[in-house]
Amino acid sequence: MDKISLLDLSSDQLKTLLNDWGEPGYRAGQIEAWLYQRYAADISEMTNLPAALRRRLAESYLANPLRPVVSLDSSDGYTQKTLFALPDGREIETVLMRYDRRQTLCISSQAGCAMACPFCATGQMGFMRNLSGGEIVAQVLAYARLLAQEEKRVSNIVFMGMGEPLANYAATWEAIRRLNDPAGFNLGARSMTLSTVGVVPGIRRMIKEPEQVGLAVSLHAPNDALRDIIVPINRRYPLAMLMGAVRDYAAETRRRVTFEYALMDSLNDQPEHADQFAALVEGLLCHINLIPLNPTPGSPWSGSPDERVYAFRDRLAGAGIPTTVRLRRGIDIAAGCGQLRNSHSRTASQAVILPA
Ligand code: SAH
């Protein structure tokens, strides 16, 4: 039988298990401290547990279920990307971005993605499966372990790796609660941002959640004719429906919404697109992030030239909308969504293999 990750047990389930085994009440807390505060990669590290209990646990359970396959450092010196294998051999990506005082981790919610955006490497590979809550949390703990060696921590989390988090809602929120829980990873919900392609029912559910997680929406096109092509889920949740949900979210939570917009040469980067975008978000508490499209093999479109990126920004800013041009972080290590898994399958020889 396949082993279960301890990260997929709730506190109550862990307590019940240990109670059934006749262990004292404090064991669950000890194990949780090893998992969430000391980032144990293996049950054998939990040295304040009796050896017999460690052996018994290890027969059926894993601590961190992720195995690093390959890790790449960007020449910018600030970005690192790891491809992790899940116990069933599926692969996911996690990206660390270092800033002056922050370490932001970009995590995956699914292996592959069903949303099929043609410009996105993950969209092109198709959907493999949902991650469990524990597999989502495990990415954070694996990187927290690395950063702890430098006395740093994961200070921000963005759900912008592989997959559509709102298409895996239950596991994503289980992970958010565990990451937020003071007995878990203990990171403030405001330090987490969930990015969605625009799954409207999920956005509406988010409004009701007590955790104050930020919302980012991958817009990429300001009218339905164009968005139907660039972001195919738009045919199911067109812009009027999406913007209705986003406006309700902003009004009810009073939180600023981020829009992501990848500028694609001559496709969505014209002055009229900026004007349509400005009209779409008029009066909404929001921020726009512009990024020239990262090159992806197989993408029908390419990134806009810099002058058009800055003209687009100036036009939005001129309409009074806070707009930032994002640096292309880690472009040389293909740190765009899904790009490492794809390039790894083709050119494994260029990769640096991490020690196990
Ligand atoms: N499915 C979610 C989260 C994952 S993608 C979403 O769509 O928001 C994270 C971001 O990377 C999204 O904004 C996505 O559109 C963007 N992205 C994907 N491929 C890209 C590329 N080649 N260049 C620039 N941004 C890209």
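See the structure shown above.
Cut-offs and rules
- Residues numbered from 1 in each chain as written.
- Predicted model: local features only at pLDDT ≥ 70, side-chain atom pairs only at ≥ 80, totals over all residues.
- Heavy atoms only, no water.
- Helix = DSSP H or I, 4+ residues; strand = E, 2+ residues; numbered from the N terminus.
- Rg over C-alpha atoms; globule rule 2.2 N^0.38 Å.
- Buried < 20%, exposed > 50% of the residue type's maximum accessible area, 1.4 Å probe, protein only.
- Disulfide = S-S within 2.5 Å.
- Near = heavy atom within 4 Å.
- Polar contact = N/O pair within 3.5 Å; in protein donor to acceptor, adjacent residues only side chain to side chain.
- Areas by Shrake-Rupley, 256 points an atom, 1.4 Å probe, with all protein chains shown as cover.
- Core = buried A, V, L, I, M, F, W, Y, C linked by side-chain atoms within 4.5 Å.
- Contact = heavy atoms within 4.5 Å.
- Pairing = 2+ DSSP bridges.
- Right-handed = clockwise from strand over helix to strand, strands pointing away.
- Lys, Arg positive; Asp, Glu negative; His and termini not counted.
- Salt bridge = Lys/Arg side-chain N within 4 Å of Asp/Glu carboxyl O.
- Phe/Tyr/Trp six-rings, centres within 6.5 Å; stacked < 30°, edge-to-face > 60°.
- Lys NZ or Arg CZ within 6 Å of the ring centre and 35° of its normal.
- Axes fitted to C-alpha atoms, helices over the stretch in contact; angles between N-to-C directions.
- Parallel < 35°, antiparallel > 145°, perpendicular 65-115°, else oblique.
- Nonpolar A, V, L, I, M, F, W, Y, C, P; charged D, E, K, R; others polar.
- Left-handed = near helix turned anticlockwise from the far one by under 90°.

Our next topic: the overall build of the chain. Tallying secondary structure elements over the chain gives twelve helices and 14 strands in all. In terms of overall size, the chain behaves like a compact globule, its C-alpha atoms giving a radius of gyration of 21 Å where 356 residues would be expected to give roughly 21 Å. Structurally, the chain occupies a C-alpha span of about 70 × 50 × 35 Å along its principal axes. Here the chain, with 356 residues, has 54% of them falling under the buried criterion.

Taken as a whole and judged by the stated rule, the model has zero disulfides. Free of any disulfide, C117 has its nearest neighbouring cysteine sulfur in C120, separated by 6.2 Å.

With that settled, the discussion passes to the site of the ligand. G163, S195, S218, H220 and N294 are the nearest of the 17 residues found near the ligand. One nitrogen or oxygen atom from the side chain of E164 is found 3.0 Å from a nitrogen atom belonging to the ligand. Bound to the protein, the ligand loses 91% of the 530 Å² it would expose on its own.

Moving on: the nonpolar core. Ranked by size, the top nonpolar core spans 104 residues in total, and within it L6, M46 and F259 carry the most contacts. Here this core takes nine residues from helix α5 (residues 133-148), the largest share from any one element. Residues in contact with L6, not counting those within four places in the same chain, are L14, I31, L35, I43, M46, L57, Y61, L62 and A63. With five residues, the next largest nonpolar core counts V69, V70, L83 and A85 among its residues.

This part covers the pairing of strand β9 (residues 156-159). Successive side chains on a regular strand alternate, one facing one side of the sheet and the next facing the other. Taking every second residue as pointing to the same face, both faces of β9 are buried, with N156 and V158 on one and I157 and F159 on the other. The pairing of strand β6 (residues 103-106) with β9 spans three bridges and is parallel. Along β9, the bridge assignment pairs C106 with V158. Two elements, β9 and strand β10 (residues 192-196), share three bridges in a ladder whose sense is parallel. Its bridge partner being in β10, V158 is matched across the sheet by T193. Once you follow β9 into helix α6 (residues 169-180) and on to β10, the crossover reads as right-handed.

Before going further, it helps to examine the side chain of E211. Within the secondary structure, E211 is located in the loop between α7 (200-208) and β11 (214-218). Buried within the structure, E211 lacks any salt-bridge partner; its nearest side chain of opposite charge belongs to R177, at an N-O separation of 4.6 Å. Those residues in contact with E211, other than ones at most four positions away along the chain, are W173, I176, R177, N180, A189 and R255.

This part covers the pattern of salt bridges. Tallying each qualifying case throughout the model produces 14 salt bridges. Two residues, E23 and R27, come together in a salt bridge whose shortest N-O distance is 3.0 Å. By the burial criterion, E23 is buried, and R27 matches it. D88 is the partner of R129 in a salt bridge, and the nearest nitrogen-oxygen pair spans 2.7 Å. Linking R129 in strand β8 (residues 127-130) with D88 in the loop between β4 (79-85) and β5 (91-98), this pair joins segments that are 41 residues apart in sequence. When its relative accessible area of 22% is taken as the criterion, R129 is described as partly exposed. In this structure D88 comes out as partly exposed when scored by relative accessible area, which is 45%. Taken together, the shared-partner salt bridges in this structure form one network comprising D88, R129 and E135.

Attention shifts here to the packing of aromatic side chains. Across all of its chains, the model carries six aromatic pairs by this definition. These aromatic residues form a ring-pair network of at least three members: F259, Y261, F277 and F312. The residue whose ring lies beneath R102 is Y99, and the NZ or CZ to ring-centre distance is 4.4 Å. Taking the ring centre of F185 as reference, the NZ or CZ of R153 above it sits at 5.4 Å.

As a further point, take the packing of α7 against helix α9 (residues 239-253). Two numbers describe how α7 lies on α9: the axes approach to 9 Å, and their chain directions differ by 10 degrees. As the angle between them shows, α7 and α9 are arranged roughly parallel. Of the residues in α9, those in contact with V200, I203, R204, M206, I207 and K208 of α7 are M241, L242, G244, A245, V246, D248, Y249, E252 and T253. Here the residues of the contact of α7 with α9 are counted per class, giving nine nonpolar, two polar and four charged.

Here the focus is the side chain of Q110. By secondary structure assignment, the location of Q110 is in strand β7 (residues 110-112). The class of Q110 is buried, set by a relative accessible area of 2%. Here N130 takes part through its side chain, which lies 2.8 Å from a polar atom of the side chain of Q110. If sequence neighbours within four positions are ignored, Q110 has contacts with I92, F127, R129, N130, L131, M162, G163, E164, A167 and N168.

Moving on, we get to the packing of helix α1 (residues 11-20) against helix α2 (residues 27-37). Close contact between α1 and α2 brings their axes to 9 Å; oriented N to C, the two are set at 130 degrees. With respect to each other, α1 and α2 are oriented oblique. Between α1 and α2 the crossing geometry is right-handed. Listed contacts from α2 to S11, L14, K15 and L18 of α1 are R27, A28, I31 and E32.

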